[in-house]
Amino acid sequence: MNLVRAELERLGARRFVQLMVVLLVLAFGVTALTNVAISHQPSPSEMTVAQQKADSERREMDLLHERCLARQRGELPAEPFDGSYYPADCSEVDPGLRERLPVAADHLVGVFTFSKDTRPLLYFLIAFLVLFGFLVGASYIGADLNSGGVVNLLLWQPRRIAVLGAKLGTLMAAVLLLSLLATVAYLATFWMIALVDGHVGPVDAEFWSDLGAVWARGLVVVLLATVIGFAIATLGRHTSAALGAVAAYAVVWELGARLVLEILEVSRPDQLMLSSYLGAWLAGRAQFWDRNACTDPFAGFCDGTYTLTWPSGLVVLLLLAGGLTAAAFAVFRRRDLL
Amino acid sequence: MSAVIEIEGLRKTFHSLRRGRRVAVDGFDLLVEAGQVHGFLGPNGSGKTTTLRALLGLVRADDGRMRVLGEPAPDRLPRVAGRVGAIVESPQFFGNFTGHRTLRLLARAGGVPTSRIDEVLEQVGLRDRGHERVKGYSLGMKQRLAVASALLKSPELLILDEPANGLDPAGIREMRDLVRTLADSGVTVLLSSHILAEIQLICDHVTIISRGRRVAAGRVDEVLAGFDRHEVLVRVDEPDRAAELLRAAGLTVTEHPDHLVVHGVDDGATVSRTLGEQGAWVRELTPLRPDLESVFLELTGPAGHPAVPRQVDGSPESGADARDGEIDLDRRGVDA
């Protein structure tokens with residue numbers, strides 16, 4: 001407990017951490033101010049027009065669905081006179097099965113709408129927190145290893161695993177706490193902007209549930225990025241090791257190897273890329289098209305798409321973070337600290 | 001007296017892709033008993049710091065047996081860590097922390113009452129500078145802070161690796177007084193230093209390491225006595241005649257421009273009597289006693305050509321020389 005308290009104080013006192021928090025607040029402020037600047041509270045007439053447009057859009061969707069069903073029942077000709085497209089499976093155009101129905105907020109121009117705009121803004125916050133977690137995680141141990149801080153600590157607490165574990169645990173707890181606080185402040189601010197200078201929009205239980213799911217998935221990525229940054233810097237003894245490893249991976253594998261795999265016509269190259277699994281985890285699923293799946297022009301219909309689901313994304317990310325962490329602890333346990 | 005530090009047959013080899021294999025410590029032995037102020041000497045690269053790091057669990061030894069305060073090291077080091085204060089080489093601290101805050105964090109990590117912080121800052125002379133940022137400290141002040149961190153635990157055993165690094169003459173004297181005060185209060189001190197005169201002044205025992213091996217160990221005066229060649233410096237008005245008279249008396253004499261050195265003389269009176277009986281009156285008669293520096297250089301440095309710079313002590317290519325040449329006046333402990 002003493003070790004954790006000491007580590008927490010060290011972490012909070014680090015200039016880099018303070019700088020990153022300031023940057024987070026700045027980015028947050030700029031985003032909020034931009035939205036305030038471009039938004040205005042919609043007038044009743046704007047709301048009426050937007051509502052009418054949304055109602056009209058819904059009616060068109062209902063009509064399309066009804067015509068599709070009527071065509072299936074044979075009440076309408078198979079080839080419609082108006083040239084409309086009707087799918088073979090009418091559930092594809094069933095408004096009740098759509099993820100969301102048109103609402104007035106979709107037709108408000110220059111208005112910040114909480115229900116519509118929060119999701120992409122939350123992704124922005126998550127992206128910043130991922131960067132924060134990775135860089136702080138890497139520099140926290142990297143700088144300590146490089147400066148002799150770890151050696152100082154080990155002279156007091158000659159338990160290597162406990163010392164490294166306390167560092168990682170403290171770091172994770174701090175990043176988790178900061179993420180929670182930042183998210184609450186972020187959402188509260190945009191809620192206030194929507195109330196005062198925009199439009200809240202329909203925010204039912206389903207909305208909050210969806211937003212919560214996005215945030216929870218993002219938070220997992222933030223924590224995994226923190227662990228990965230910490231683990232690579234521990235393995236490489238320097239903060240720069242983590243930065244170098246990520247840059248090298250992105251250039252060599254995600255760009256270079258992807259090109260080579262495509263030239264060699266290897267099937268499903270996206271399946272070999274970490275970014276695919278990250279996308280699948282964050283979005284719930286990710287669909288890719290395999291250009292090498294449908295090479296026979298006489299084979300008839302061929303669906304070359306394939307899907308990565310969030311469980312597979314989570315497993316890959318956990319294996320990566322877990323493997324790196326286990327390696328970092330194993331190496332640190334036996335390493336000569338010079 | 002009980003052994004506080006026991007090292008027996010310590011071996012450590014570093015492997016590097018670029019520099020290959022380098023033997024840092026090669027079967028080194030060390031014994032420090034309770035209450036000693038023990039000097040640990042060796043040239044650069046001789047294995048001093050590697051030995052201390054291995055003892056403190058920072059470097060994994062390839063072979064050998066170590067005990068600290070009776071506990072096997074490094075496996076049981078956590079049991080005694082609270083009783084051992086140590087600094088290894090020049091510790092680095094976060095520049096934007098104050099000295100006080102640096103110590104507070106260490107005290108907190110080690111479960112030491114924070115009331116100790118002001119006491120140790122006072123002890124090392126940083127009382128009035130403790131609330132300044134470390135990045136504004138001089139090298140000597142950082143060294144004092146490092147010593148303060150080692151003292152925080154009120155240790156029974158203090159291991160100081162080059163504590164005088166960066167200190168000015170007054171600081172060196174203060175450090176010497178501090179070590180003496182600690183020793184008088186019962187703290188056992190293992191002190192590694194390059195400042196041989198300081199070691200000779202502070203320490204009662206010494207171990208000298210060269211090329212990873214112990215080449216001398218024991219009480220300082222006994223180690224020095226082992227190198228006493230019983231030489232006497234003689235100044236007379238007629239050196240040529242005096243040299244002839246001494247040689248005629250069976251003594252070995254080396255002539256220098258302004259003095260003579262007589263070898264193998266147990267008692268200076270022999271020289272004055274021999275010369276006086278022949279009417280050659282002695283103006284100066286000084287016994288030449290070895291100091292730690294001359295002993296150290298003799299034990300650790302090859303007698304190179306003066307024009308050729310002396311090289312950093314490397315790993316032994318053949319281990320026989322150092323072992324055969326070891327001066328060990330205190331073999332009791334390690335085997336006991």
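Just so you know, these numbers come straight off a predicted model, no measurement behind them.

A few points about the sheet that holds strand 13 (residues 260–263) of chain B
All names here are of chain B.
Argument step 1. A sheet is described by the order of its strands in space; here 4 strands give the open sequence 12-13-11-14, paired in antiparallel fashion. Looking at the sheet topology across the chains shown, the edges are occupied by strand 12 (252–255) and strand 14 (282–288). Sheet twist, expressed as the mean angle between neighbouring strand axes with direction ignored, is 25°.
Argument step 2. The strands touched by helix 9 (residues 239–248) are strand 11 (231–236), strand 12 and strand 13; relative to strand 12, the strand with the most contacts, the crossing angle is about 160°.
Argument step 3. Here helix 10 (residues 268–277) sits on the sheet in contact with strand 11, strand 13 and strand 14, set at roughly 155° to strand 14.

Quick notes on the nonpolar core
In summary, soluble globular proteins display a tendency toward joint burial of nonpolar side chains.
Argument step 1. Formed by 150 residues in total, the largest nonpolar core has its most connected members in Phe190(A), Ile5(B), Val68(B), Ile159(B) and Ile208(B).
Argument step 2. Excluding residues that lie within four positions of it along the chain, Ile159(B) makes contacts with Ile5(B), Leu52(B), Leu55(B), Leu56(B), Val84(B), Gly85(B), Ala86(B), Ile87(B) and Leu190(B).
Argument step 3. Core analysis: the second largest hydrophobic core is formed by 15 residues, Val234(B), Leu245(B), Val262(B) and Ala280(B) among them.

Looking at the interface of chain A and chain B
Argument step 1. With 27 residues of chain A in contact, the opposing surface of chain B contributes 34 residues.
Argument step 2. Surface buried jointly by chain A and chain B totals about 2,800 Å² across both partners, of which 56% is contributed by carbon and sulfur atoms.
Argument step 3. Contact with chain B buries surface across chain A, with Glu9(A), Leu155(A) and Trp156(A) losing the most and accounting together for 29% of the total.
Argument step 4. Where chain A touches chain B, the interface holds 4 salt bridges.
Argument step 5. Elements supplying a minimum of two residues to the side of chain A that touches chain B: helix 1 (2–13), helix 4 (114–147), helix 5 (149–156) and helix 10 (310–334) of chain A.
Argument step 6. With 7 residues, helix 1 of chain A is the largest single contributor of residues to the side of chain A that touches chain B.
Argument step 7. By residue class, the composition of the side of chain A that touches chain B is 11 nonpolar, 4 polar and 12 charged.

Looking at the sheet that holds strand 2 (residues 20–33) of chain B
Residue and element names in this part refer to chain B.
Argument step 1. Here 4 strands make up an open sheet; going across it, the order is 2-1-4-5 and the pairing antiparallel. Strands with a single pairing partner mark the edges of an open sheet, and in this sheet they are strand 2 and strand 5 (71–72).
Argument step 2. One ladder, built from 5 bridges, connects strand 1 (residues 3–16) with strand 4 (residues 63–68); its direction is antiparallel. Bridge pairing in strand 4 places Arg11 opposite Asp63.
Argument step 3. Contacts from helix 1 (residues 48–55) reach strand 1, strand 2 and strand 4 within the one sheet, and its direction differs from that of strand 1 by about 115°.

What to know about the domain arrangement of chain B
Argument step 1. Partitioning chain B into structural domains gives domain 1 (3–225) and domain 2 (231–288).
Argument step 2. Using C-alpha coordinates to define each centre, domain 1 of chain B is positioned 46 Å away from domain 2 of chain B.

Quick look at unusual backbone geometry
Argument step 1. Following Ala73(B), the chain continues into Pro74(B) via a peptide bond in cis, with omega recorded as 5°.
Argument step 2. The residue Pro74(B) is located in the loop between strand 5 and helix 2 (77–80) in this model.
Argument step 3. Positive phi, normally seen in glycine, also occurs at Arg237(A), with a value near 70°.
Argument step 4. Considering the arrangement of structural elements, one finds Arg237(A) in the loop between helix 7 (205–236) and helix 8 (239–263).
Argument step 5. Here Arg237(A) falls in the partly exposed class, since its relative accessible area comes to 35%.
Argument step 6. Unlike most non-glycine residues, Arg268(A) shows phi in positive territory, near 50°.
Argument step 7. Relative to the helices and strands, Arg268(A) is located in the loop between helix 8 and helix 9 (274–283).
Argument step 8. Overall, the relative accessible area of 33% leaves Arg268(A) in the partly exposed class.

Conventions we followed
Residues numbered from 1 in each chain as written. Chains lettered and ligands numbered in written order. Predicted model: local features only at pLDDT ≥ 70, side-chain atom pairs only at ≥ 80, totals over all residues. Heavy atoms only, no water. Pairing = 2+ DSSP bridges. Helix = DSSP H or I, 4+ residues; strand = E, 2+ residues; numbered from the N terminus. Axes fitted to C-alpha atoms, helices over the stretch in contact; angles between N-to-C directions. Contact = heavy atoms within 4.5 Å. Core = buried A, V, L, I, M, F, W, Y, C linked by side-chain atoms within 4.5 Å. Buried < 20%, exposed > 50% of the residue type's maximum accessible area, 1.4 Å probe, protein only. Buried area = accessible area lost by both parts, 1.4 Å probe. Salt bridge = Lys/Arg side-chain N within 4 Å of Asp/Glu carboxyl O. Nonpolar A, V, L, I, M, F, W, Y, C, P; charged D, E, K, R; others polar. Domains from an automatic or database assignment.

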